[in-house]
Amino acid sequence: MTLTAPRALPRWRGGRSLRRRGPLATHRWYVTPWLFLLPALTVIVLMVLVPFVNTLQLAFTDSTLLRTGGFVGAENFRRMFADERFTTALLNSTLYAVCVVPVMVVLPLMLAVLVSSVERLAGFFRTTMYLPVVMSPVVVGLIWTNMLDKKGLVNEVAATLRIASAPFPFLSDRWLLLFSAMFVTVWMGLGYYMVIYLAALVNIDRSLYDAAAVDGAGPVRTFLDVTVPGVRSTMALVAVLSSVAAFRVFGEIYVLTNGTGGVGGGDLTMTMLIQREGTGLQARTGYAGAISLVMFVILGGLLLAQLAMQRKQRNT
């Protein structure tokens with residue numbers, strides 16, 4: 001009697017026997033990852049994709065809050081570029097980004113270097129600098145509104161020190177109000193970007209600082225030749241994040257102007273104009289959708305330009 005060994009079952013990719021094959025075993029490797037992604041995908045579709053498609057559709061209609069409206073083609077965009085308020089809002093938002101972004105890229109890095117060099121009180125300074133980040137923009141706006149008022153703390157100190165004979169019109173002058181809002185934005189965001197830089201500073205090789213010290217480099221030279229190159233990619237990330245946030249500014253301007261957009265609407269921003277046109281009983285949702293679409297294109301182009309510059313710097 002000859003004994004023969006049982007023939008081994010054929011195996012498929014991954015070394016798994018076909019004995020385990022079945023409806024569940026066959027498809028679980030395709031279904032399981034999507035089950036994990038399903039909650040996040042559902043939120044993205046419902047909260048991002050669907051509103052975007054709806055806005056895109058509204059941009060080419062004359063819809064209002066109480067009326068669906070019909071297709072009007074590019075009429076909203078022709079009206080928009082002839083609207084003086086849109087030109088003002090675009091100028092203010094662009095100026096906001098141009099002034100705020102460089103400060104947000106450099107100043108938090110300098111603070112992160114100073115905080116990381118302090119050993120005993122590092123935790124205290126980190127907490128103190130991060131406090132404005134966790135505060136509500138409305139609360140921050142109310143605080144600074146009281147401080148910048150004609151009878152507020154800043155003008156009272158200036159009068160006491162005899163810096164000015166009359167109160168500064170921080171909340172009534174167009175440009176002073178805009179730059180005051182920029183200051184509030186920088187004050188709120190310093191701690192957030194400082195924490196990002198602190199995480200990046202940890203990854204810099206300490207031997208580079210030792211070599212710089214041996215070569216006799218001072219603090220400024222060390223900062224420029226060691227720290228800045230070590231966090232260059234983080235600086236690009238901060239530039240992208242801060243530029244988007246600055247161009248989309250809303251809370252600071254809204255609270256400082258009490259929702260009016262300044263005297264004669266001279267301090268309107270893009271987001272404030274969208275809010276003004278897209279809310280209320282007289283809302284023109286189609287026109288607001290067109291402004292939103294233009295803002296989306298501008299931000300998309302800004303991000304692509306920054307990514308291209310970052311890629312160019314990596315290749316050089």
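Since this is a predicted model, take the numbers as computed values, not measurements.

Engineer: Help me understand the overall build of the protein chain in this model?
Structural biologist: Tallying secondary structure elements over the protein chain gives 13 helices and two strands in all. Here the protein chain has a C-alpha radius of gyration of 28 Å; the compact-globule value for 316 residues is 20 Å, and the former is much larger. Summarising its shape, the C-alpha atoms of the protein chain cover approximately 120 × 75 × 40 Å along the three principal directions. Per-residue burial for the protein chain yields a buried fraction of 35% across its 316 residues. Put simply, 68% of the contacts in the protein chain that link residues at least 6 apart link residues at least 24 apart. Of the roughly 20,100 Å² that the protein chain leaves accessible, carbon and sulfur atoms contribute 67%. Once the 27 positive and 15 negative side-chain charges of the protein chain are each reduced to a mean point, those two points are 19 Å apart.

Engineer: I would appreciate a short explanation of the environment of Arg 79 in the present structure.
Structural biologist: As for its placement among the helices and strands, Arg 79 is situated in helix H2 (residues 75-81). A relative accessible area of 35% means that Arg 79 is categorised as partly exposed. Between the alpha carbons of Arg 79 and Tyr 287 there is a distance of 8.6 Å; along the sequence they are 208 residues apart. When neighbours within four sequence positions are excluded, Arg 79 is seen to be in contact with Arg 284 and Tyr 287.

Engineer: Sorry if this is basic, but what is going on with the packing of helix H5 (residues 137-148) against helix H6 (residues 153-160) here?
Structural biologist: When two helices pack together, their arrangement is given by the angle between the helix axes and by the axis-to-axis distance. Interaxial distance between H5 and H6 falls to 4 Å at its minimum, and their mutual angle equals 30°. In terms of orientation, H5 lies roughly parallel with respect to H6. Mapping the contact onto sequence places Asn 146, Met 147 and Leu 148 in H5 and Leu 153, Val 154 and Asn 155 in H6.

Engineer: Honestly, the nonpolar core in this entry has me stumped. Any pointers?
Structural biologist: Across soluble globular proteins, nonpolar side chains have a tendency to be buried as a group. By size, the foremost hydrophobic cluster in this structure holds 60 residues, and its most contacted members are Met 80, Tyr 96, Leu 109 and Ile 291. At 14 residues, the largest contribution of residues to this core is made by helix H7 (residues 174-202).

Engineer: I tried to follow the pattern of salt bridges on my own but got confused; where do I start?
Structural biologist: If charged atoms from side chains of opposite charge come close, those side chains can pair. One pass over the full model with this rule turns up six salt bridges. Measuring nitrogen to oxygen at the nearest pair gives 3.8 Å for the salt bridge that ties Arg 67 to Asp 62. Between Arg 221 and Asp 225 there is a salt bridge; the shortest N-O distance is 2.8 Å. One end of the pair is Arg 221 and the other is Asp 225, both in helix H9 (residues 219-230) and four residues apart, which spans about a single turn. Among the charged side chains, a network of salt bridges with common partners joins Asp 83, Arg 85, Glu 277 and Arg 284.

Engineer: Looking at this model, I keep getting lost on the environment of Tyr 193. Mind explaining?
Structural biologist: By secondary structure assignment, the location of Tyr 193 is in helix H7. Residues Tyr 193 and Val 140 lie 53 residues apart in sequence; the distance between their C-alpha atoms is 18 Å. If sequence neighbours within four positions are ignored, Tyr 193 has contacts with Met 104, Pro 108, Val 238, Leu 241 and Ser 242.

Calculation criteria
Residues numbered from 1 in each chain as written. Predicted model: local features only at pLDDT ≥ 70, side-chain atom pairs only at ≥ 80, totals over all residues. Heavy atoms only, no water. Helix = DSSP H or I, 4+ residues; strand = E, 2+ residues; numbered from the N terminus. Rg over C-alpha atoms; globule rule 2.2 N^0.38 Å. Buried < 20%, exposed > 50% of the residue type's maximum accessible area, 1.4 Å probe, protein only. Contact = heavy atoms within 4.5 Å. Areas by Shrake-Rupley, 256 points an atom, 1.4 Å probe, with all protein chains shown as cover. Lys, Arg positive; Asp, Glu negative; His and termini not counted. Charge placed at Lys NZ, Arg CZ, Asp CG, Glu CD. Axes fitted to C-alpha atoms, helices over the stretch in contact; angles between N-to-C directions. Parallel < 35°, antiparallel > 145°, perpendicular 65-115°, else oblique. Core = buried A, V, L, I, M, F, W, Y, C linked by side-chain atoms within 4.5 Å. Salt bridge = Lys/Arg side-chain N within 4 Å of Asp/Glu carboxyl O.

In short, the description is geometric, and any link to function would need to be established separately.
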